[in-house]
Amino acid sequence: MLQKKICLLGAFSVGKTSLIQRYVNKLFSDKYLTTVGVKIDKKQVTVGSTDLTLIVWDIAGEDDFTSIRSAHLRGLSGYIVVIDGTRKNSFDVALALHKRIKTELGDVAAVFALNKADLKAQWVINHEHIHALAQLSYPVIETSAKLDQGVEDLFMGLARQLVPENSEV
Amino acid sequence: MLVTEGLDSHAAIQQTTKQQDSPAAQGLDALEQLRVLLLGADYQTLSELRQQLLDRERYSLHVAEVISEALTLRAQQDNSLSDALFPTIEAAVSRSVEHNPSRLANALYPVMGPAIRRSIQEVLQQALETFNHLLEQSLSVRSLFWRFDAWRTGRSYSEVVLLKTLVYQVEQVFLIHRESGLLLQHALSPQAISKDADMISGMLTAIQDFIRDSFQVTSDNSLKTLQLDELTVFFNQGPYAMMAAVVRGNPPAEFNNLLTEVNEQIHRQHFYFLKTFQGDTSIFKRCLPLLERCLKTQLRDTKKFPWLAVLALVTFTGAGLWWSYQYYQHKLIAEEALGALRAEPGLVVVGFEKTDEGYQYEILKDPQAREPTAVIQALQKGNLPLNLHTKPYLSLEPTFVLARAKQILQPSPQVNLSLEGKTLVVQGQATPSWQQKLVQVGSLITGVEFLEQSKLQIIDPDAEKLTEHLGRLVKQIETSRFNFSLGSSSLENVQDHAQQVIALIFDLLKTARLMGKMPQVSISGSADETGSETINERLAKERALAMRDYLLQQGVPAAVIAVPKPDTGRRDERSIHYQVDLF
Ligand SMILES: Nc1nc2c(ncn2[C@@H]2O[C@H](COP(=O)(O)OP(=O)(O)OP(=O)(O)O)[C@@H](O)[C@H]2O)c(=O)[nH]1
Ligand SMILES: [Mg+2]
C-alpha cells in the first residue's frame, strides 16, 4: 500500500480547491469560498501496476498577507502549482513558490497547472510565459475545473512521477 | 553524472593503495622480523588472537562460551533484546510449524487447555458484564434521564449512555508519519465510528504544524492534547512518528505513559522503516497489536458484582425449573386421570392429547356411568386444565344393560330384574299396567333381546278394592228397607230413602262397570200377616212396583232395575227390600 502526500499550491483564488473538488468529488461550483489553513482529501489511483493513495493537501493560497507555511510542505512527495491564466500575478506567485520549494525541499515531483482554460479569451498568460515554465522541465498542463478539462491528466501527471518504476518514464 | 564521478574517484584511491602495497610485500619478512623484535612475546599472543578472530570456527567457539552470559546481561539492561529477537523467533516458530506442526503442538499441549479454559471463562464473564450493563441501562431511572438528555442535546442515546457511564474510552489510535502526515497504521475500537482515517491523520498533522508555526515554538515543543467537547486527542511525538489517540472522557495520567511506551517500542522495532519511509505503509501492519493495546476503556463501577444479571439469570433458571417441574407434575396428574377414566365402567376414552389449552380427553359416556368430572374430581386440583369432552354412548356391559333397563322400566320394589345373557329376567309382583309397559318397551332396551317373565305375578290392587267396595254397596243396598202404612202401597215420605238408595245404585253401577260387570237390582215387596193371602200378595207386588216406578222416575236406568220378583222371604212386614245380582 503506497501513500503519497501531495500539495496544491498557488496564489489565492486560482482554483486549487476547485481542481481538487473536480478531481475527487466530480463537482464544481462558481462560488468562491477561500480556503483557510489546510484541507485534506484523498484519492486512489493506479499507475501501471501500482495502487497509490494520494493524500491531497489543499493549502490556502498566497496573498499579500499570508504566505504558505513551510510546515505544511514537509514530507510532500510532489506538488501542483496552479496558475490562473487570467491573472499575471498568479504566474509570478507560482514561480516564486516553485523556487522556494526547490531550495527548501530539493528536487521533488511537480506539475504546473494553467487553470481556467475555459476563459482563454481573457488570459493574460501568453506563449512566452508558458515557454518560460516549460524551461523548468516539469509538465505544464492546461486545465479547467469548470469544464473538467485536463484535471485527470494533471493529477495523473504528478502521480506518474511518484511511483518508482515510472519515475524515469 | 554525479554518481559516476564518485565511483571513479573511489576506484582511483583503491588503485593507489595497491600500488603502495606491492613493494611492501617484497620486504615482508624484514618487517615481520622487526615486529618480533619490537613486540617480543606479546606479538605471538596478538597474532594468536588475530588468528582466532579470523578463523571462523575458533571465533565461534570463543563466542559460544560467553553468549548466554552476554544475552542475560543485555536483557537486564533494557528491552532491546526481545525487540531484536522477536522477528527471528517469530520466523523460527513459523518455520517449525511449517516443518513439523505436531512437535510444537505437543510442546504447547499442556498450556493450551488452561489457556482456552481461561479465555472461555473471560468471554463468559465479559458477556455477563455486558448483559448486566444493558440490564442496568434499560431498567434504571437513570436511563430515563439519559434519554431525556439525548433528546435535549440531540445526541444519540448510546452516545449519552457512553458518556455517563464511561470514565474514558480510547476510540481511535493513529500512528502518523511525522513529516508527511501520512497514516502508517490506525486502530479503532469496535464501538467507535471513524471518518476517513487517512484524511484525519493529515489534518492532525496540519493542526500540529499550524500551532507550531503560529506560536513560534521549537519543534520539540508540540501540541500535547487537543480538546473538543468530550473528545480529547492525545499526541505523542516520536522522532519519526507521532501517535494520536482520540479519547472520550478522562483517561488516567498513566495513559500518556502508555502512549510513550508504545511509541518508543514502535520506534525501536521499525526504526529503519520509519526513517526511510517513502509512502509504503504495508510494513506497519505489524504495529496494529501495539496500537490496539492503547484502545482502553474504563466504565464506572466496573468492579461491581453483576447482581442484576445474576439475579435475572437465577430468576430465569428458577422459572424454567419451576415450569418444568409443573409441567412434569401436570403430566403425571393428567396421566393418572387418564388411567382413572379408562378404569371407570361405562366410560371409554377415545382421545387424549396435550394442547395449548391443557389436556384434552375425548370420552364416550354411557348415560348410566358416573360423570367423568366426578371420576377425576380428586385429581382436579389447582387450575390444572383437564378438559373433558363427553359424548353419549350405550354400553353393552351387563351392568349397564341392567342399569339401563331399570332406568327405563322403573320397576317397583317387588320386582326383581336380572340379566342372563341377552335375556331380561323379570321376577316378583307387578301391576298389569307395568307389565304392559314391560312388554311394550322391554325388547327395545339396548342390550336386551328377550324377556323372561314366567315368574312374574300380576297383581291388580285396584280390582281388589273395587270388589270390596262393591260388596259393601251390595250389602248396603240389600239391607235398605222402606216401610208402608197398613194395607197401603203408596209411597209416603219416600224422599230420604230414595235419595240414599239411588246414590248407592249409581255407585254400584259405576263400580260394577269398572270391574266389567253389569248389576241388576231387584225390588221385592212384602206384607204383614194381617190380611188374606191374595190381598197380601197383591199388596206386596203393588208396593214393589211403586218403588220401581218411583226410582225410574228419579232417573235410575231401567236396565238396572229388574222386574220385581215375588217375595220369597217370608217376612211379616209392610215393606220392600232389594236384591242385587251381578252379571
Ligand atoms: N471559469 C472558471 N472558474 C474557475 C475555475 N476554477 C476555479 N474557478 C473559480 O475560481 C474561484 C476560486 O476558486 P477556488 O478553487 O476556491 O480557488 P482557490 O485557489 O482554492 O482559492 P484559495 O483557497 O482562496 O486559495 C471560484 O469562484 C471558482 O468557481 C475554472 O477552471 N474556470
Ligand atoms: Mg481554496
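An account of the accompanying structure is given in this report.

Cut-off values and rules
- Residues numbered from 1 in each chain as written.
- Chains lettered and ligands numbered in written order.
- Predicted model: local features only at pLDDT ≥ 70, side-chain atom pairs only at ≥ 80, totals over all residues.
- Heavy atoms only, no water.
- Helix = DSSP H or I, 4+ residues; strand = E, 2+ residues; numbered from the N terminus.
- Buried < 20%, exposed > 50% of the residue type's maximum accessible area, 1.4 Å probe, protein only.
- Donors = N, O, S within 2.8 Å, 3.2 Å for Na, K, Ca; no water.
- Pairing = 2+ DSSP bridges.
- Contact = heavy atoms within 4.5 Å.
- Axes fitted to C-alpha atoms, helices over the stretch in contact; angles between N-to-C directions.
- Salt bridge = Lys/Arg side-chain N within 4 Å of Asp/Glu carboxyl O.
- 1 Å grid on protein atoms, 1.4 Å probe; cavity = no way out; pocket = protein on both sides within 12 Å on 5 of 7 lines; lining within 4 Å.
- Points joined across faces, edges and corners; volume = space filled by probe spheres on them.
- Nonpolar A, V, L, I, M, F, W, Y, C, P; charged D, E, K, R; others polar.
- Near = heavy atom within 4 Å.
- Polar contact = N/O pair within 3.5 Å; in protein donor to acceptor, adjacent residues only side chain to side chain.
- Areas by Shrake-Rupley, 256 points an atom, 1.4 Å probe, with all protein chains shown as cover.
- Sits in = over half its atoms within 2 Å of the grid points.
- Phe/Tyr/Trp six-rings, centres within 6.5 Å; stacked < 30°, edge-to-face > 60°.
- Patch = residues over 30% accessible without salt bridge, like charges linked within 9 Å, V, L, I, M, F, W, Y side chains within 5 Å.

All right, on to unusual backbone geometry then. Residues and elements named next belong to chain A. In this structure, Lys-116 is a non-glycine residue whose phi angle is positive, near 65°. Within the element layout of this structure, Lys-116 appears in the loop between strand 5 (109-115) and helix 4 (127-134). Since its relative accessible area comes to 22%, Lys-116 is described here as partly exposed. Phi at Ser-137 is positive, roughly 55°, even though this residue is not glycine.

Residue and element names in this part refer to chain A. Protein coordination at the magnesium ion (ligand 2): the donors are Thr-17 (OG1) and Thr-35 (OG1), at 1.9 to 2.0 Å from the metal. Pair noted here: Thr-17 is in helix 1 (residues 16-25) and Thr-35 is in the loop between helix 1 and strand 2 (38-47), with a separation of 18 residues, a long-range link. On the basis of relative accessibility, which here comes to 30%, the residue Thr-17 falls in the partly exposed class. Residue Thr-35 is classed as buried on the basis of its relative accessible area of 19%.

All names here are of chain B. The 4 strands lie next to each other as 14-17-15-16, forming an open sheet whose pairing is mixed. Lying at the two open borders of the sheet, with one neighbouring strand each, are strand 14 (481-483) and strand 16 (561-562). For strand 15 (residues 519-526) and strand 17 (residues 575-582), the ladder comprises 8 bridges, and the chain directions are antiparallel. If you follow Gln-520 over to strand 17, its bridge partner there is Asp-581. Sitting on the sheet, helix 17 (residues 495-514) is in contact with strand 14, strand 15, strand 16 and strand 17, with an inclination near 150° to strand 15.

Per the stated rule, a full pass over the model turns up 23 salt bridges over all chains. The partner of Lys42(A) in a salt bridge is Asp196(B), and the shortest N-O contact between them spans 3.1 Å. Here the residue Lys42(A) occupies a position in strand 2, and Asp196(B) occupies one in the loop between strand 2 (183-188) and helix 9 (197-214), the pair thus bridging two chains. Residues Arg293(B) and Glu261(B) are paired through a salt bridge, measuring 3.3 Å at the closest nitrogen-oxygen approach. Within this pair, whereas Arg293(B) is found in helix 11 (residues 288-293), its partner Glu261(B) is found in helix 10 (residues 254-275), the two being separated by 32 residues in sequence. The class for Glu261(B) is partly exposed, based on a relative accessible area of 44%.

So, on to the layout of surface pockets. Residue and element names in this part refer to chain A. A volume near 640 Å³ is recorded for the second largest pocket. As for the second largest pocket, its lining consists of 24 residues, of which Gly-15, Ser-18, Ser-29, Lys-31 and Tyr-32 are closest to the centre. The element contributing the most residues to the lining of the second largest pocket is helix 1, with 4 residues. Along the lines of polarity and charge, the residues of the lining of the second largest pocket split into 8 nonpolar, 10 polar and 6 charged.

The next subject is empty space enclosed by the protein. Taken as a whole and judged by the stated rule, the model has 1 cavity of 30 Å³ or more. Roughly 40 Å³ of internal volume is contained in the largest cavity. Around the largest cavity, the lining residues are Arg74(A), Arg178(B), Thr205(B), Gln208(B), Asp209(B), Arg212(B), Gln237(B) and Met242(B). Here the lining of the largest cavity gets 4 residues from one element, more than from any other, and that element is helix 9 of chain B.

All right, on to the site of ligand 1 then. Residues and elements named next belong to chain A. Close to ligand 1 lie 24 residues; Thr-17, Ser-18, Ser-29, Tyr-32 and Thr-34 are nearest. Within the backbone of Gly-15, an N or O atom sits 3.0 Å from an oxygen atom of ligand 1. For ligand 1, an oxygen atom lies 2.8 Å from a polar atom in the backbone of Gly-61. Coverage of ligand 1 by the protein chains reaches 94% of its 640 Å² of free accessible surface. One can see that ligand 1 is located within the second largest pocket. When residues of the shell around ligand 1 are assigned to their parent elements, the largest contribution, 3 residues, is made by helix 1. Partitioned by chemical class, the residues of the shell around ligand 1 number 8 nonpolar, 10 polar and 6 charged.

Once that is clear, we can look at the sheet that holds strand 8 (residues 358-365) of chain B. All names here are of chain B. With mixed pairing, the 3 strands of this open sheet are ordered in space as 7-8-9. Each edge of the sheet is formed by a strand with only one pairing partner; in this case those strands are strand 7 (347-355) and strand 9 (386-392). Strand-to-strand twist across the sheet, computed as the mean angle between neighbouring axes with direction ignored, equals 20°. Relative to strand 8, strand 7 runs antiparallel, the two sharing 8 bridges. Bridging across to strand 8, Glu-353 finds its partner in Gln-360. Sheet contacts for helix 12 (residues 307-343): strand 7, strand 8 and strand 9; angle to strand 8, the most-contacted strand, approximately 0°.

Below, the discussion takes up the side chain of His497(B). Residue and element names in this part refer to chain B. Along the chain, the position of His-497 falls in helix 17. Overall, His-497 belongs to the buried group, its relative accessible area being 9%. When sequence neighbours within four positions are dropped, the list of residues in contact with His-497 reads Ser-480, Arg-481, Phe-482, Met-547 and Tyr-578.

Let's shift gears to the packing of aromatic side chains. All names here are of chain B. Inspection of the entire model under this criterion finds 12 aromatic pairs over all chains. Taken together, a centroid distance of 6.4 Å and an interplanar angle of 55° make the contact between Tyr-168 and Phe-255 tilted. You can see Tyr-168 sitting in strand 1 (residues 166-177) and its partner Phe-255 sitting in helix 10, a full 87 residues away along the chain. Taken as a pair, Tyr-168 and Phe-255 share a single burial class, namely buried. Considering the side-chain rings of Trp-323 and Tyr-327, the 5.4 Å spacing of their centres and the 20° angle between planes classify their relative orientation as stacked.

So, on to the environment of Val82(A). Residue and element names in this part refer to chain A. For Val-82, the position within the fold is in strand 4 (residues 78-84). The spacing of Val-82 and Val-111 is 29 residues in sequence and 8.6 Å in space, taken between C-alpha atoms. Not counting residues up to four positions away in its chain, the partners in contact with Val-82 are Leu-8, Leu-9, Gly-10, Ala-11, Val-14, Lys-16, Leu-19, Ala-113 and Asn-115.

This part covers a nonpolar patch on the surface. Residue and element names in this part refer to chain B. Together, Leu-31, Leu-34, Leu-38, Leu-39, Leu-46 and Leu-49 give the surface a local cluster of nonpolar side chains, amounting to about 570 Å² of exposed area. Breaking the nonpolar patch down by element, the ones donating at least two residues are helix 2 (28-39) and helix 3 (41-54). When residues of the nonpolar patch are assigned to their parent elements, the largest contribution, 4 residues, is made by helix 2. Structurally, Leu-49 can be placed in helix 3. Overall, the relative accessible area of 45% leaves Leu-49 in the partly exposed class.

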